[in-house]
Amino acid sequence: MTGQLRIITGIAAIVLVAGAAAAFAVAWRPQIAAIAPPRADTFDPDVVKRGRELAAIGNCNTCHTVQGGATYAGGLPVPTPFGIVFSSNITPDAETGIGRWPEEAFVRAMRSGVARDGQHLYPTFPYDHFTNVSDADDRALYAFLMTRQPVHASPPANQLSFPLNYRPLIAGWKLLYLRSGDAPQDSAKGAEWNRGAYLVEGLAHCGACHTPRNALGAERLNAQFAGGEVDNWHAYALNDTSHAPVRWTADALYAYLRHGWQADHGTARGPMAEVVGNLATVPDSDVRAIAVYMADISGTPAPDRKRPADVVAQSSSDDAAQTHAAGAAIYAAACGSCHEGSRTLPYGGVNLALSTAIASPDPRNLLNIVLSGVGAVEGERSPIMPGFASSIDDTQMVALTAYLRERFGKRPAWANLDKAVRDARAVQATSLAARDTPAESRQRGKP
Ligand code: HEC
Ligand code: HEC
Ligand code: HEC
């Protein structure tokens with residue numbers, strides 16, 4: 001669907017939703033009285049510590065912090081198909097943050113997306129997942145946030161046009177899509193699986209990126225984990241439609257989520273690198289639980305995905321070098337030395353027959369990787385790959401990626417590869433330029 005069409009369908013649907021909202025008259029929510037900001041030493045340090053881990057699982061920092069700005073002070077522009085919503089200041093500042101919010105108001109925001117003053121919040125704040133967070137966990141999150149350094153900062157005004165800037169309409173969206181108690185529980189599957197379900201469907205909101213959305217920006221629950229969009233990256237399918245050449249097991253998922261790298265699958269990049277960076281600070285048992293649940297979500301793979309990694313790595317197509325001679329030559333000169341097995345971390349890349357980026361129906365992640373490379377994670381012995389934006393031009397890039405797709409992906413050629421290359425290059429140039437602009441005007445996309 002083109003962007004234009006999507007916005008028009010969106011507006012038509014919003015009008016319908018407005019009708020629904022009016023009919024049910026649910027738009028009004030009471031204000032909750034302000035309190036004097038509680039002193040930090042009134043909170044139990046153990047609860048605060050637990051809150052810190054929970055905030056990492058919920059990625060509160062990635063959306064509520066502008067690159068180079070104060071943590072949790074908000075102001076990050078979050079693009080949506082309908083315009084830009086800026087994240088709020090969630091430090092305990094009395095005027096511009098949540099310093100005067102009682103715990104009850106915080107819990108209401110997490111459960112039903114309503115601010116202390118009674119205004120409806122946009123679901124860019126993923127309360128459709130956070131609604132499942134337990135009382136004890138909300139209490140710990142509240143204690144953690146209320147003991148941060150208060151920062152005086154107000155986010156810029158949202159850039160949404162009428163009628164989308166009219167917050168009471170959000171009540172209609174909630175009527176259609178906000179469901180609580182969604183986390184599946186199954187006593188037959190054991191404690192670890194159930195803990196994983198609670199985290200994945202709730203606080204960790206994995207589906208916010210990995211599930212496709214409908215015209216109104218709600219997750220399509222009949223296509224849960226079938227692959228979604230974030231920040232010009234494709235968040236791969238994680239259910240039984242996954243394109244990962246080797247099936248994801250609980251152990252592989254655990255290693256990938258814990259260290260950001262796994263030998264049969266490669267590295268987490270882009271928005272997933274931030275998720276993994278946060279998970280590095282979370283107790284082992286929680287990461288393990290997430291992995292156990294996600295392994296179950298990935299379902300029964302097709303027969304050709306039951307093969308072990310060493311067999312997959314041997315199985316590249318030899319005809320590709322004839323059909324794509326130019327691409328084959330670039331690969332041999334620029335890529336093969338690192339990607340063919342002998343080099344170890346941090347310079348050795350996976351055999352590209354194992355790469356989901358090449359097997360995926362969407363070439364964007366591969367293009368992002370080749371243009372920008374893979375940076376080292378601070379303090380870790382993590383992989384490093386140089387970016388090729390300045391050494392490979394668009395024509396060469398098309399030749400190279402078409403070759404990789406046939407040789408290692410062994411799947412039908414990507415359509416409109418020329419355009420995908422131009423788009424990825426434009427995005428890369430913009431993000432480079434953003435590095436030189438002041439923090440306040442920087443953008444990072446989120447669903
Ligand atoms: C995907 C991005 C995203 C993530 C992740 C996220 N938020 Fe937010 N949050 C937002 C946006 C955007 C808003 C502003 C919504 C609006 O103005 O309607 C917001 C608003 C809020 C508000 C309301 C504040 C106010 O003054 O009205 C609270 C409280 C909040 N978030 C807490 C959290 C917590 C706690 C976490 C982590 C558990 C979190 N958020 C994670 C994007 C996010
Ligand atoms: C902010 C968006 C976002 C969130 C939240 C998110 N992911 Fe991801 N995820 C991505 C993107 C984008 C990629 C592709 C990254 C790449 O190409 O390296 C990805 C890749 C992955 C992969 C690799 C799949 C493959 O076949 O290679 C796994 C596994 C994964 N995510 C699991 C999770 C889990 C589990 C959670 C919740 C704890 C989660 N993700 C939350 C955006 C997200
Ligand atoms: C200096 C060594 C080096 C060179 C040269 C290099 N890479 Fe990489 N590459 C890496 C490392 C290290 C990683 C991260 C580990 C991983 O994911 O394989 C990586 C990751 C990748 C990935 C992601 C694999 C996945 O799904 O996780 C792709 C695709 C890729 N490289 C393609 C290329 C291409 C195409 C070229 C040539 C234009 C190239 N690389 C050149 C080292 C290199």
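What comes next is a walk through the structure. What you are looking at is a predicted structure, and each value in this text was computed from that prediction instead of being measured. (Residues numbered from 1 in each chain as written. Chains lettered and ligands numbered in written order. Predicted model: local features only at pLDDT ≥ 70, side-chain atom pairs only at ≥ 80, totals over all residues. Heavy atoms only, no water.)

### Quick word on the overall build of the protein chain
What the protein chain contains, in helices and strands, is 20 helices and seven strands. In the protein chain, which comprises 447 residues, the proportion classed as buried is 49%. Looking at the protein chain alone, contacts between residues at least 24 apart form 68% of all its contacts between residues at least 6 apart. Only carbon and sulfur atoms are counted for the fraction: they give 57% of the accessible area of the protein chain, which is about 21100 Å². (Helix = DSSP H or I, 4+ residues; strand = E, 2+ residues; numbered from the N terminus. Buried < 20%, exposed > 50% of the residue type's maximum accessible area, 1.4 Å probe, protein only. Contact = heavy atoms within 4.5 Å. Areas by Shrake-Rupley, 256 points an atom, 1.4 Å probe, with all protein chains shown as cover.)

### A short note on the sheet that holds strand β3 (residues 159-160)
Reading across from one edge, β1-β2-β3 is the order of the three strands in this open sheet, with antiparallel pairing throughout. Of all strands in the sheet, those bounded by a partner on one side alone are β1 (77-80) and β3. With two bridges joining them, strand β2 (residues 83-86) and β3 adopt antiparallel strand pairing. In the strand pairing of β3, Ile84 is matched with Gln159. (Pairing = 2+ DSSP bridges.)

### Side note on the site of ligand 1
Residues in contact with ligand 1 amount to 25 residues; listed here are only the nearest, Cys60, Cys63, His64, Tyr122 and Arg167. Note that a nitrogen atom of ligand 1 is positioned 2.9 Å from one of the side-chain N or O atoms of His64. Arg167 has a polar side-chain atom sitting 2.7 Å from an oxygen atom of ligand 1. Sorting the residues of the shell around ligand 1 by element identifies α3 (60-64), β2 and α4 (103-112) as the ones contributing at least two each. Here the shell around ligand 1 takes three residues from α3, the largest share from any one element. Across the shell around ligand 1, the residue classes tally to 16 nonpolar, seven polar and two charged. (Near = heavy atom within 4 Å. Polar contact = N/O pair within 3.5 Å; in protein donor to acceptor, adjacent residues only side chain to side chain. Nonpolar A, V, L, I, M, F, W, Y, C, P; charged D, E, K, R; others polar.)

### Quick look at the coordination of the iron atom of ligand 3
Taken together, His339 (NE2) and Met385 (SD) make up the full set of protein donors to the iron atom of ligand 3, lying 2.0 to 2.2 Å away. Classification of the site at the iron atom of ligand 3 rests on its six donor atoms, whose angles at the metal span 85 to 179 degrees, yielding the label octahedral. Of this pair, His339 sits in helix α16 (residues 336-339) while Met385 sits in the loop between α18 (364-372) and α19 (394-409), placing them 46 residues apart in sequence. Classification of His339 as buried rests on a relative accessible area of 13%. (Donors = N, O, S within 2.8 Å, 3.2 Å for Na, K, Ca; no water. Tetrahedral: all angles 85-135°; square planar, octahedral: opposite > 155°, others 65-115°.)

### A few points about helix α11 (residues 271-279)
Turning to α11, its buried residues are Pro271, Val276, Asn278 and Leu279. Viewed end-on, α11 has its buried residues packed into an arc of 160 degrees, placing them on one side of the element. (Arc of directions from axis to C-beta.)

### Description of the environment of His152
Within the secondary structure layout, His152 lies in the loop between α6 (135-146) and β3. Residues His152 and Ala73 lie 79 residues apart in sequence; the distance between their C-alpha atoms is 7.8 Å. Those residues in contact with His152 that lie beyond four places of it in its chain are Asn89, Asp93, Glu95 and Thr96. Polar side-chain contacts of His152 include one of 3.3 Å to the side chain of Asp93.

### Re the coordination of the iron atom of ligand 1
Looking at the protein side alone, the iron atom of ligand 1 has one donor only, His64 (NE2), at 2.0 Å. Structurally, His64 is set in helix α3.

### A look at unusual backbone geometry
Of the consecutive residues Phe162 and Pro163, the connecting peptide bond is found in the cis state with omega at 5 degrees. With respect to the helices and strands, Pro163 occurs in the loop between β3 and α7 (170-177). The phi dihedral of Tyr72 is positive, around 70 degrees, even though this residue is not glycine. Here Tyr72 lies in the loop between α3 and β1. The exposure class assigned to Tyr72 is buried, which follows from its relative accessible area of 9%. Residues other than glycine seldom take positive phi values, yet Asn232 does so here, at roughly 65 degrees. Structurally, Asn232 is set in the loop between β4 (228-230) and β5 (233-235).

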